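Structural characterization, general
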Amino acid sequence: MTSKERMLTAMRNKVPDRVPVCPDISNMIPCVLTGKPFWEIYVFEDPPLGKAYLETIRILNMDGWYIYENITGGNKNFPLDKKLTTKIIYNSILVPEEIVTKKIVFKDDEKLKQQTIIETPYGNLEQTSVFFRNAPPWKETNYIKNIETDWKKMKWILGDEWHWNNKIEDLELVGDSGVHSISILSFVDFWDAIRSGGSERVIYDFFDFPKTMENIFNFYKEFAIQQTIAAIKSGTDEILLQGSTSSLSLINPAIYDRFILPLNKKIAEICKKENVISHLHICGKSKYAVKKNIENTYIDVYEPLEKPPNGDIDIVEIKRKYGKKVALKGNILTTGVLAHGTPDDVKKEVIETLKNAAENGGFILSTGDQVGGNTPIDNLKTLIETGQKYGEYTKEGKLKVFT
């Protein structure tokens, strides 16, 4: 099987030739291997992060998961021509370039700051991002500083009716090296992407401005549904429901049930109808959310299923209870022996994980959320090589080496 075939087979909860091996190296490892300051990749796209990732999976000989391309568009009153627009919010929303100003406002040997200003009829929105030499970027300030005044400006940018570029450019570039994915943000992730003050401020908003947050959620739900429909039309392999800040490490069950689960349910229904894979990413403590989604939605794949101390998932339990219904992706600890142990330690954890979750297919060997940039490459190679060696299946879906 090709990597793409192998990944798709496992995502459909079937038995491929072997367990796909796809550690989450989506950001830091590709940047490290370029040998360049991270800002060269994030700001100047030299190279673009997606191309750096494809080169990394080629070097490491692993199965790929390409999450670097979104459909672009948004406000129906704005053009779709990329030459006339600037992309904001995870490079998805197109805004006319004449109302956007981007400039580098600070640079030294360790970091670079880029400011973005967007003009609206109701006043300007401003965001300042900090790009580091050896770490992913961080928002110093974000667009929504005053929720009562700035949301009106952002809503004007997003519009009330939407259109999208359905053509994706990187599907051919990815080819058979892996699965092409388009992300749809959960409501909490969307709000975190534009709200100044970070995740802490996002959580306070649900308590300080409950009616406003309800109204914003109702708007975003319709926006995300239309974005999902357009993404499916693009021909992508799967829809990723991006829930990094929807973790129960950050929010409580009441917020999850009201503001995350209903949209997940609707998106999964759309995907099922169109026979497109839906894939939930929720890191940290996710046991409550995984159980809720499996029992209430049609989501096909769950990841990264982080175990303690980073999360609260027992993958043996999840596989036993739900393995016949959904596919699982995980759950090597990124902050354990992978980062701090020896290759032999990594090999032992990989073998244990395969024994716990790989039988009868429907499993992708991966890691918790994001392999750190300081992870020894030899350890990462050991993870991949061990997974490939011990992950071969018999026709009956058993692991060959353990039969």
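What you see is a predicted model; the values in this text were computed from it and never measured.

Cut-offs applied
Residues numbered from 1 in each chain as written. Predicted model: local features only at pLDDT ≥ 70, side-chain atom pairs only at ≥ 80, totals over all residues. Heavy atoms only, no water. Axes fitted to C-alpha atoms, helices over the stretch in contact; angles between N-to-C directions. Helix = DSSP H or I, 4+ residues; strand = E, 2+ residues; numbered from the N terminus. Left-handed = near helix turned anticlockwise from the far one by under 90°. Contact = heavy atoms within 4.5 Å. Nonpolar A, V, L, I, M, F, W, Y, C, P; charged D, E, K, R; others polar. Pairing = 2+ DSSP bridges. Parallel < 35°, antiparallel > 145°, perpendicular 65-115°, else oblique. Patch = residues over 30% accessible without salt bridge, like charges linked within 9 Å, V, L, I, M, F, W, Y side chains within 5 Å. Areas by Shrake-Rupley, 256 points an atom, 1.4 Å probe, with all protein chains shown as cover. Salt bridge = Lys/Arg side-chain N within 4 Å of Asp/Glu carboxyl O. Buried < 20%, exposed > 50% of the residue type's maximum accessible area, 1.4 Å probe, protein only. Polar contact = N/O pair within 3.5 Å; in protein donor to acceptor, adjacent residues only side chain to side chain. Phe/Tyr/Trp six-rings, centres within 6.5 Å; stacked < 30°, edge-to-face > 60°. Lys NZ or Arg CZ within 6 Å of the ring centre and 35° of its normal.

1. Re the packing of helix H15 (residues 343–357) against helix H16 (residues 377–390)
- The contact between H15 and H16 brings their axes to 9 Å, and the two run at 40°. Crossing geometry of H15 relative to H16 is assigned as right-handed. Contact residues: H15 offers Pro343, Val346, Lys347, Val350, Ile351 and Leu354, while H16 offers Asn379, Thr382, Leu383, Thr386, Gly387 and Tyr390.
- Taken together, the residues that form the contact of H15 with H16 break down as 7 nonpolar, 4 polar and 1 charged.

2. What about the pairing of strand E5 (residues 100–107)?
- Here 7 bridges tie E5 to strand E6 (residues 111–118), and the two strands are oriented antiparallel to one another. Within the sheet, the bridge partner assigned to Phe106 lies in E6 and is Lys113.
- As consecutive antiparallel partners, E5 and E6 are separated by 3 residues.

3. Points about the packing of helix H9 (residues 210–233) against helix H11 (residues 261–273)
- Two elements in contact, H9 and H11, have axes separated by 10 Å at closest approach and are oriented at 25°. Judged by the angle between their axes, H9 and H11 are roughly parallel. The two elements H9 and H11 meet at a crossing, and its hand is right-handed. In this structure, H9 uses Tyr220, Lys221, Ala224, Ile225, Thr228, Ile229 and Ile232 to contact H11, whose residues at the interface are Pro262, Leu263, Lys266, Ile267, Ile270 and Cys271.
- Its residues assigned to classes, the contact of H9 with H11 comprises 10 nonpolar, 1 polar and 2 charged.

4. Looking at the sheet that holds strand E14 (residues 327–332)
- Across the sheet, 7 strands lie side by side as E1-E10-E11-E12-E13-E14-E15; this open sheet has parallel pairing. One side of each edge strand has no neighbouring strand; the edge strands of this open sheet are strand E1 (64–66) and strand E15 (363–367). Going from strand to strand, the sheet's axes swing by 25° on average, the running direction of each strand aside.

5. Quick word on a nonpolar patch on the surface
- The grouping of Val32, Leu33 and Ile59 at the surface amounts to a nonpolar patch, some 220 Å² of accessible area in total.
- As for its position among the elements, Val32 is in helix H2 (residues 28–34).

6. Let's talk about the sheet that holds E6
- One open sheet accounts for 4 strands, arranged E5-E6-E7-E8; its pairing is antiparallel. Each having just a single partner strand, E5 and strand E8 (138–141) make up the two edges of the open sheet. The average undirected angle you get between the axes of adjacent strands in this sheet is 25°.
- Two strands pair when backbone bridges link them, and E6 and strand E7 (residues 125–132) are joined in this way by 8 bridges, in the antiparallel orientation. Bridge pairing in E7 places Thr116 opposite Gln127.

7. As for the pattern of salt bridges
- Applying the stated criterion to the full structure yields 24 salt bridges.
- Between Asp160 and Lys155 there is a salt bridge, and its shortest N-O distance comes to 2.7 Å.
- The exposure class of Asp160 is exposed, given its relative accessible area of 58%.
- Since its relative accessible area comes to 30%, Lys155 is described here as partly exposed.
- Among the ionic pairs, Arg258 bridges to Glu214, the shortest N-O distance being 2.1 Å. Taken together, the residues span a long stretch of sequence, with Arg258 in helix H10 (residues 253–259) and Glu214 in helix H9 at a distance of 44 residues.

8. Some remarks on the side chain of Asn264
- Relative to the assigned elements, Asn264 resides in helix H11.
- Reaching out from Asn264, the side chain makes a polar contact with the side chain of Asn293 at a distance of 3.1 Å.
- The contact partners of Asn264, leaving out residues within four places of it in the chain, are Leu241, Tyr256, Leu280, Asn293, Thr297 and Ile299.

9. Some points on the packing of aromatic side chains
- Throughout the structure, instances matching the rule amount to 21 aromatic pairs.
- Note on Phe190 and Tyr220: the rings are 4.3 Å apart at their centroids and 15° apart in plane angle, and the pair reads as stacked. In this pair, Phe190 is assigned in helix H7 (residues 187–194) and Tyr220 in helix H9, connecting sequence segments 30 residues apart. Across this residue pair, the class does not change: Phe190 and Tyr220 are buried.
- An aromatic cluster of at least three residues, connected via ring pairs, comprises Trp151, Trp162, Trp164, Phe187, Phe190, Trp191, Phe206, Phe217, Phe219, Tyr220, Phe223 and Phe259.
- Over the face of the ring belonging to Phe259 we find Arg258, whose NZ or CZ atom lies 5.6 Å from the ring centre.
- Over the face of the ring belonging to Trp65 we find Lys329, whose NZ or CZ atom lies 3.9 Å from the ring centre.

Function cannot be inferred from these measures alone, as they are strictly geometric.
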